[in-house]
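The residues making up each chain are set out below.
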Amino acid sequence: MSITAPLAIFDLDNTLLHGDSDYSWGCFLVAQGLVDGATYESKNRHYYEQYQSGVLNIHEFLAFALQPLTQHPLAHLLQLREIFMRDIITPMILPKAEALIAEHRAQQHTLMIITATHRFITEPIAQRLGIPHLLATDPECINGAYTGRVSGIPCFQNGKVLRLQQWLSEHQATLDHSWFYSDSHNDAPLLNVVTHPVAVDPDERLRSLAEQRGWSCISLRD
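A. Summary view of the packing of aromatic side chains. Overall, the coordinates contain 13 aromatic pairs when judged by the stated rule. Seen in terms of ring centroids, Phe-61 and Phe-64 are 6.3 Å apart; in terms of plane orientation they differ by 45°. Their pairing is tilted. One end of the pair, Phe-61, and the other, Phe-64, are both in helix α3 (residues 58–65), three residues apart, so they sit about a helical turn from each other. In this pair, the class of Phe-61 matches that of Phe-64, namely buried. With 6.1 Å between their ring centres and 5° between their planes, Trp-179 and Tyr-181 make a pair best called stacked. Judged by its relative accessible area of 4%, Tyr-181 falls in the buried class.

B. Representation of empty space enclosed by the protein in the model. In the structure shown here, the tally under the stated rule is two cavities of 30 Å³ or more. For the largest cavity, the lining is made up of 17 residues, of which Asp-20, Asp-22, Tyr-51, Phe-61 and Thr-117 are closest to its centre. Where the lining of the largest cavity is concerned, the elements lending two or more residues are α1 (21–31), α2 (37–53), α3 and β2 (110–118). Top element by residues in the lining of the largest cavity is α2. It accounts for four residues. Grouping the amino acids of the lining of the largest cavity by side-chain chemistry returns nine nonpolar, three polar and five charged. In this structure, the second largest cavity spans a volume of roughly 30 Å³. Surrounding the second largest cavity, Asp-22, Trp-25, Gly-26, Tyr-40, Asn-44, Phe-61, Phe-64 and Ala-65 form its lining. Residue assignment for the lining of the second largest cavity shows that the elements contributing at least two residues are α1, α2 and α3.

C. Representation of the pairing of strand β1 (residues 7–10). Alternating positions in β1 separate into two faces, Leu-7 and Ile-9 on one and Ala-8 and Phe-10 on the other, with burial throughout. Bridge analysis of β1 against β2 gives four bridges, and the strand direction is parallel. From the neighbouring strand, Phe-10 faces β2, where its bridge partner is Ile-113. The sheet contact formed by β1 and strand β5 (residues 179–182) spans three bridges and is parallel. The residue bridging Ala-8 from the neighbouring strand is Trp-179, located in β5.

D. α2, seen in detail. Here α2 spans 24 Å end to end across 17 residues, near enough to the 24 Å set by a 1.5 Å rise per residue. Three or more residues of α2 are buried, namely Tyr-40, Asn-44, Tyr-47, Tyr-48, Gln-50 and Tyr-51. Each buried residue of α2 lies within a common arc of 160° when the element is viewed along its axis, so the set occupies one face. Its buried side turned inward, α2 meets α1 and α3.

E. Highlighting helix α6 (residues 119–129). By the burial criterion, the buried members of α6 are Phe-120, Ile-121, Thr-122, Pro-124, Ile-125, Ala-126 and Leu-129. Its buried side turned inward, α6 meets α1, α4 (74–89), α5 (95–106), β2, β3 (133–142) and β4 (145–151).

F. Molecular detail of the nonpolar core. Core analysis: the biggest nonpolar cluster contains 51 residues, and Phe-10, Leu-16 and Leu-129 have the highest contact counts within it. Leu-7, Ile-9, Leu-135 and Val-161 belong to the second-largest nonpolar core, a separate cluster that totals 23 residues.

G. A look at the environment of Asp-36. Position of Asp-36 relative to the elements: it lies in the loop between α1 and α2. A polar contact is formed between the side chain of Asp-36 and the side chain of Thr-39, at a distance of 2.6 Å.

Cut-offs and rules
- Residues numbered from 1 in each chain as written.
- Predicted model: local features only at pLDDT ≥ 70, side-chain atom pairs only at ≥ 80, totals over all residues.
- Heavy atoms only, no water.
- Phe/Tyr/Trp six-rings, centres within 6.5 Å; stacked < 30°, edge-to-face > 60°.
- Helix = DSSP H or I, 4+ residues; strand = E, 2+ residues; numbered from the N terminus.
- Buried < 20%, exposed > 50% of the residue type's maximum accessible area, 1.4 Å probe, protein only.
- 1 Å grid on protein atoms, 1.4 Å probe; cavity = no way out; pocket = protein on both sides within 12 Å on 5 of 7 lines; lining within 4 Å.
- Points joined across faces, edges and corners; volume = space filled by probe spheres on them.
- Nonpolar A, V, L, I, M, F, W, Y, C, P; charged D, E, K, R; others polar.
- Pairing = 2+ DSSP bridges.
- Expected span 1.5 Å × (residues − 1).
- Arc of directions from axis to C-beta.
- Contact = heavy atoms within 4.5 Å.
- Core = buried A, V, L, I, M, F, W, Y, C linked by side-chain atoms within 4.5 Å.
- Polar contact = N/O pair within 3.5 Å; in protein donor to acceptor, adjacent residues only side chain to side chain.

So far we have only geometry, and geometry alone does not tell us how the molecule works.
Okay, structure coming up:
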């Protein structure tokens, strides 16, 4: 099926959400007593700080982040995810982000979230926001059980561009008149290739890059 409408692409964490769903999931697991609290919390914070600094080893991080999915039956994981969505994610959704999505929807743009956070966490968030296309890091799942490994290319930094290129080829789509909204300098590779790059409540490095390149800069925070 070919897609001809312009793409409106959104990063998720700290862009459409007031916070980071990946980091928050780790904190949720600690609070639920499902992982070793002190050790897991320390590593979760360590990797998040590496991400913010632009030095994250994505494969090392994913080996850490996907491990809890291997330790519980899928039915239990889905129950936990419902609680996480209700108690943690829903309050993080920014009203101005929903309004921005609605503006693009009204223009009949093709809506997409592209995020490094893995699909188990992000799929219900995309559904909640009414965004039909999601490119996320895919955890490998065999016979209904997660293996702790990644399936395909992690959706991070230049990996976002590669994953998007695959999607464009599969859907006979282009980046003509496309938009991409992000808060992070880690998304510079994708911001560089869209028609309308937009920095959203950007970190310092992205704000500087946006100023240098004349990119739009907006806030979705109150």
